[in-house]
2 protein chains.
Amino acid sequence: MKVSRKIQDIRLSIRKISDMASAVPGCIRFDIGQPDFRTPKNIQDAAIKAIKDGSHGYTPIVGIPPLRQAVADYEKTKGFEVTKENIMITTGGMGAIFTTLLGFLEPGDEIIFPDPTWPPYKLMASSVGGVPKLVPYFNAGGSLDTGAIEKAITPKTKFLLVNTPENPTGRIIEKKELKAIAQIAEDKNIMIISDEVYDRILFDGNTHTSIRRYAPDNTIIINSVSKTYAMTGWRLGWLVAEKDTVDQLLKCNRASVACPNTISQYAALEALTGPQDSVKKMVAEYQERKDLIVKMMDSMGWDYILPRGALYTFPKACKDSWKYSKDLIEKAKVSVVPGLPCGPKSEGYVRFCFGSANTEQIKEGFERIQKFEG
Amino acid sequence: MKVSRKIQDIRLSIRKISDMASAVPGCIRFDIGQPDFRTPKNIQDAAIKAIKDGSHGYTPIVGIPPLRQAVADYEKTKGFEVTKENIMITTGGMGAIFTTLLGFLEPGDEIIFPDPTWPPYKLMASSVGGVPKLVPYFNAGGSLDTGAIEKAITPKTKFLLVNTPENPTGRIIEKKELKAIAQIAEDKNIMIISDEVYDRILFDGNTHTSIRRYAPDNTIIINSVSKTYAMTGWRLGWLVAEKDTVDQLLKCNRASVACPNTISQYAALEALTGPQDSVKKMVAEYQERKDLIVKMMDSMGWDYILPRGALYTFPKACKDSWKYSKDLIEKAKVSVVPGLPCGPKSEGYVRFCFGSANTEQIKEGFERIQKFEG
C-alpha cells in the first residue's frame, strides 16, 4: 500500500543539498539553518534540575502553567494583551504551525506564503491537504505589493503567512506594511499566521513589530526558543491565539504528540525568565557575521536585501540556483541553499545562513567562491 | 474563523474525568494512564550527559543512527529481520501512529479499531480526516470474531489496528488469533498498525508476540520507551516499517515536528542498550498491583478479562459508565475512566489503570468503592 498522493508528491529538496554537503569533508556549511552555539548554561542547568527532580511524566496538552504564563508575559511586551489562556506550548515552532494548519485547513483550502519563502511551509501545508500559493509580497523595488496579495486571495484562502524577521531574506517588514497586510486580512476575513521565531535576532538597532498589533483577532503568532536561545533540538515552541482557538487547537497537539516534551518545558521556562545576557552575546556575534557577509557580497557585486534580522541572506548569485549550489559544493566545498524551492520568483538566488558559520568560515567560504567564480 | 469541522467534532471526553479528579483533594486516581515511577537513574544520567556534551541541535528527521540501530536490534528479537533503515524515531508512540495515519489516509479512508479501544486512536484518525470504525474483535465468550472484522472492511479501509498487550483490557492476543488477523489483512490488502507499547509489561510468565511475524509486509509496528522505562514525558517512540514506507513517512515527521527531541534520543539509547534491571523491578511491582486489583474485582463480583499485560483492567461495573465514573469521583473520591468512549460495546465498563496507583491506593480505592456501592 502506498502513502497518500499528497505525501508522495512532497519533495524534501533542500535535504539533497545537506546530504551532498555532509559527504564533502571540509565543506563550509551555509546551508544549515540553526545556530552553532550551545544552549546557555543556565538553561542546561534548569533542564538537568527538572530531570533530577523527576519531571518525567506527561504535562497538560497545552503545556505547564508557569511556562504558559512566562510566554504570555514575553509576548505581551509586543504591545497587546496576552494571558496564559492565549498560549499553547508546542513541539517547536514547526509544531505550532503544523497544529494550526491541521486545525483549520479543509482539503483544498489555500494558504498564501511570500515568495521567497522558507520551503518547509509548503511541505506543512501540503501534508494536511492544503494548497500553498506563493506570492511575491514585495516588488522588485522593495515595496509591498498589496495588489499581488489581494489578487491571490480566493474564497478558498484561509491563511496569509507573514514572517518577520524573514527567512530567507533577513527582511524586517515595516509597521506600515504590516498594517496594510493586516487590513487585507481583516477586509477579506482571512487569518494571519505570523511567524516570529527570529523576533530577538535583530541587527543595527532594528526593532521587531508583531502584526498582531494591527489584527489582534485575526492573527496567530508562532514563536519558539529554538533560534533565540540556540535550542533547536529541544523542540519547544508556542502559539498565541484567541482562547477559543487554543481550546480547539489543543486537540491537534493531543492527536499528534500528546503533549510537549516535559524537560524542554522547564528549560524554556528558564530561558524566558532567567538572565538574557547570553542572547545579547549571540546576537552580537550574529551581527559581526552579518556585517562581514554583507561586505563579502558587496565584493562579489551581488544584489541582495540588507539583512536586518534573522540568520540569513538571499543574494542573486547565479542563473540556475540548483546547478550553482551543486557546483559550489563539488568544486568549491561551500554549501548554500538554492533559491528555486523558495518560490518561482526566487530562481537565481541562493540562501546563506550565518547561524552556523563563524567569521573565519565566512571569510574562507567567500575566498573559495571567488576562486570558483574566477 | 473556525477550525475545521473534523476538529470541532472531536471531544476530549476522558479529559473531563481527569479535570474533575484533579479538583478533588485526596482522590485515588485510577484514571491516569502513565507509570508513577521515575525514569531510571542510568537513563537520567545519559540525558544529563547529552545536555552537558552539547547535543542541542536538530538530528536527522528519522533520528540518530545509533538509536535507530538500537531499536532495530530490539525489535528483531521478536523474530523477524529489522535493520535501522526500517526504523523511524518519532515524538512518542502517539507521534508514530499520527505520522502513519497522516501519511496514508486520504479523506474518508476508514480505519478499524477494536471495541473496546483506547479513545485517542479515534481522535488521531479523525484529526487527519480518517473515519474510525469500532469493531468488537472478540465476542462475549472471548473468541476472536474474524467474521465481524471481515464484515467491517470496505473498499475504503486502509488500516486495521491491533494492540497487544491491550489498553484498556490488559488482554494479550494469542498467536493463532494474530495469525488469523494477519491473514485477513493480507487477503484484503489492508495494512496493520500494531501498537506494541506494552510489549515488555507482561504478567504471570506471559510472552509477547508481534503480528509482524505473520504479516511482515503489511504491518507497521508502533512502540516507545514511555511505558517500559517510565518515560512518558520524554516523548520518544518509533515505528518499524518497510524502508520505502519510512522514506515517505519521514516527510510527515518533518512537517509536524522537524525531528524528535535530541536529548530524549540519547536517553532512549541508554534505555534500550543499558541495564534492564529497572524494567524487571517495575514490572514486578505492576504484577503485585495487578494481582491485588484482580482480588478486589473478584470481591466486587465484577466480570473482567484477566489482565495478562499492560497497566489496565476493564471490568463491567455498572450500567451507565459516565454516571458511575462521575459519581465515584464525587461520592467516593475514586477516579476511573468510563467505558463508553472506548466504544459502543463498552458501555457499562470502566477502566482502572494501575500504573499510577500503588497497592496501598488500590486497597483504599476499593474500600471506598465498596462503601460507595453499599
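Residues numbered from 1 in each chain as written. Chains lettered and ligands numbered in written order. Predicted model: local features only at pLDDT ≥ 70, side-chain atom pairs only at ≥ 80, totals over all residues. Heavy atoms only, no water.

Caption draft 1: Highlighting the overall build of chain A. Within chain A, the secondary structure is distributed over 13 helices and 12 strands. Over its C-alpha trace chain A gives a radius of gyration of 20 Å, about what one expects of a compact globule, namely 21 Å for 374 residues. Counted over contacts in chain A with a minimum sequence separation of 6, partners at least 24 positions apart contribute 76%. Between the centroid of the 50 positive side chains of chain A and the centroid of its 44 negative side chains there is a distance of 4 Å. (Helix = DSSP H or I, 4+ residues; strand = E, 2+ residues; numbered from the N terminus. Rg over C-alpha atoms; globule rule 2.2 N^0.38 Å. Contact = heavy atoms within 4.5 Å. Lys, Arg positive; Asp, Glu negative; His and termini not counted. Charge placed at Lys NZ, Arg CZ, Asp CG, Glu CD.)

Caption draft 2: Local environment of the domain arrangement of chain A. Residues and elements named next belong to chain A. Here chain A is described as being made up of domain 1 (5-39 + 277-373) and domain 2 (57-273). Listed as interface residues are 36 residues of domain 1 and, on the opposing side, 38 residues of domain 2. For the pair domain 1 and domain 2, the summed buried area comes to about 2900 Å², and 61% of that belongs to carbon and sulfur atoms. Here domain 1 is connected to domain 2 by 2 salt bridges. Note that D204 is salt-bridged to K290, the shortest N-O span being 2.7 Å. Remark: the boundary between domain 1 and domain 2 carries 18 residue pairs in polar contact (both at pLDDT 80 or more). When contributions to the side of domain 1 that touches domain 2 are tallied by element, the ones reaching two or more residues are α1 (5-8), α11 (277-300) and β9 (312-313). A total of 7 residues in the side of domain 1 that touches domain 2 trace back to one element, the largest contributor, which is α11. Classifying every residue of the side of domain 1 that touches domain 2 gives 21 nonpolar, 8 polar and 7 charged. (Domains from an automatic or database assignment. Buried area = accessible area lost by both parts, 1.4 Å probe. Salt bridge = Lys/Arg side-chain N within 4 Å of Asp/Glu carboxyl O. Polar contact = N/O pair within 3.5 Å; in protein donor to acceptor, adjacent residues only side chain to side chain. Nonpolar A, V, L, I, M, F, W, Y, C, P; charged D, E, K, R; others polar.)

Caption draft 3: Seen up close, the interface of chain A and chain B. Between chain A and chain B, the contact holds 70 residues from the first and 69 residues from the second. A combined buried area of about 5600 Å² lies between chain A and chain B, and 63% of that area is made up of carbon and sulfur atoms. Ranking the residues of chain A by area buried against chain B places M1, H56 and Y58 of chain A at the top, with a combined share of 14%. There are 0 salt bridges connecting chain A and chain B. Where chain A touches chain B, the interface holds 32 residue pairs in polar contact (both at pLDDT 80 or more). Going through the elements one at a time, α1, α3 (41-53), α5 (92-104), α6 (120-127), β5 (157-163), α9 (243-257) and α10 (262-273) of chain A are the ones with two or more residues in the side of chain A that touches chain B. By residue number, the principal contributor to the side of chain A that touches chain B is α9 of chain A, which donates 9 residues. Taken together, the residues that form the side of chain A that touches chain B break down as 35 nonpolar, 21 polar and 14 charged.

Caption draft 4: The sheet that holds strand β11 (residues 337-338) of chain A, seen in detail. All names here are of chain A. Reading across from one edge, β9-β12-β11 is the order of the 3 strands in this open sheet, with antiparallel pairing throughout. Of all the strands in the sheet, just β9 and β11 have a single pairing partner and so form its edges. Of the strand pairs in this sheet, β11 and strand β12 (residues 350-353) are connected by 2 bridges, and their pairing is antiparallel. Pairing of P338 across the sheet is with V350, part of β12. (Pairing = 2+ DSSP bridges.)

Caption draft 5: Representation of the relation of the copies chain A and chain B in the model. For the pair chain A and chain B, the best superposition has an RMSD of 0.0 Å and corresponds to a rotation of 180° with a translation of 0.0 Å parallel to the axis. Classification of the inter-copy transformation places it as that of a two-fold axis. Considering only C-alpha atoms, the residue of chain A closest to the rotation axis is I48 of chain A, which sits at 3.0 Å. With an isologous cut-off of 70% or more, the 99% of interface residues of chain A that recur at the interface of chain B puts this contact in the isologous class. (Least-squares fit on C-alpha atoms with pLDDT ≥ 70 in both.)

Caption draft 6: Fine view of the packing of helix α4 (residues 65-75) of chain B against helix α10 (residues 262-273) of chain B. Residues and elements named next belong to chain B. Contact geometry for α4 and α10: axes closest at 9 Å, N-to-C directions at 30°. In this structure, α4 meets α10 at a crossing whose hand is left-handed. Contacts from P66, L67, A70, V71 and Y74 in α4 reach Q265, A268, L269, L272 and T273 in α10. Its residues placed into classes, the contact of α4 with α10 shows 8 nonpolar, 2 polar and no charged. (Axes fitted to C-alpha atoms, helices over the stretch in contact; angles between N-to-C directions. Left-handed = near helix turned anticlockwise from the far one by under 90°.)

Caption draft 7: Focus on α9 of chain A. Residues and elements named next belong to chain A. Over its 15 residues, α9 extends 21 Å from the first C-alpha to the last, a length consistent with the 21 Å expected when each residue adds 1.5 Å. All of the buried residues in α9 are T245, V246, L249, L250, K251, C252, N253, R254, A255, S256 and V257. A258 sits one or two residues past α9 and shows a positive phi near 75°. (Expected span 1.5 Å × (residues − 1). Buried < 20%, exposed > 50% of the residue type's maximum accessible area, 1.4 Å probe, protein only.)

Caption draft 8: Layout of the pairing of strand β12 (residues 350-353) of chain B. All names here are of chain B. Here β12 shows a buried face lined by V350 and F352 and a second buried face lined by R351 and C353. As paired strands, strand β9 (residues 312-313) and β12 are joined by 2 bridges and run antiparallel to one another. Of the residues in β12, the one forming a bridge with Y312 is C353.

Caption draft 9: How the structure looks around a negative patch on the surface. Residue and element names in this part refer to chain A. Taken together, the side chains of E150, E186, D187 and D217 define an acidic patch exposed on the protein surface. The topology assignment puts E150 in helix α7 (residues 146-152). Given a relative accessible area of 34%, E150 falls into the partly exposed group. (Patch = residues over 30% accessible without salt bridge, like charges linked within 9 Å, V, L, I, M, F, W, Y side chains within 5 Å. Areas by Shrake-Rupley, 256 points an atom, 1.4 Å probe, with all protein chains shown as cover.)

Caption draft 10: How the structure looks around the pairing of strand β3 (residues 110-114) of chain B. Residue and element names in this part refer to chain B. Across the 5 residues that make up β3, a large majority, 5, are buried. Residue alternation in β3 divides its side chains into two sets, E110, I112 and P114 and I111 and F113, and both sets are buried. Each parallel crossover has a hand, and for β3 linked through helix α6 (residues 120-127) to strand β4 (residues 131-135) it is right-handed. (Right-handed = clockwise from strand over helix to strand, strands pointing away.)

Caption draft 11: Summary view of the pattern of salt bridges. Inspection of every chain in the model, using the stated rule, returns 46 salt bridges over all chains. Among the salt bridges present, the one from D327 of chain A reaches K331 of chain A, with a minimum N-O distance of 3.9 Å. One end of the pair, D327 of chain A, and the other, K331 of chain A, are both in helix α12 (residues 321-332), 4 residues apart, so they sit about a helical turn from each other. Note on D327 of chain A: relative accessible area 13%, which makes it buried. Measuring nitrogen to oxygen at the nearest pair gives 2.7 Å for the salt bridge that ties K243 of chain B to D247 of chain B. Of this pair, K243 of chain B and D247 of chain B both sit in helix α9 (residues 243-257), 4 residues apart, which is roughly one turn of that helix. Classification of K243 of chain B by relative accessible area gives partly exposed; the value is 38%. Shared partners join several salt bridges into a network, and the residues in it are E75, K78, E196 and D199 of chain A.

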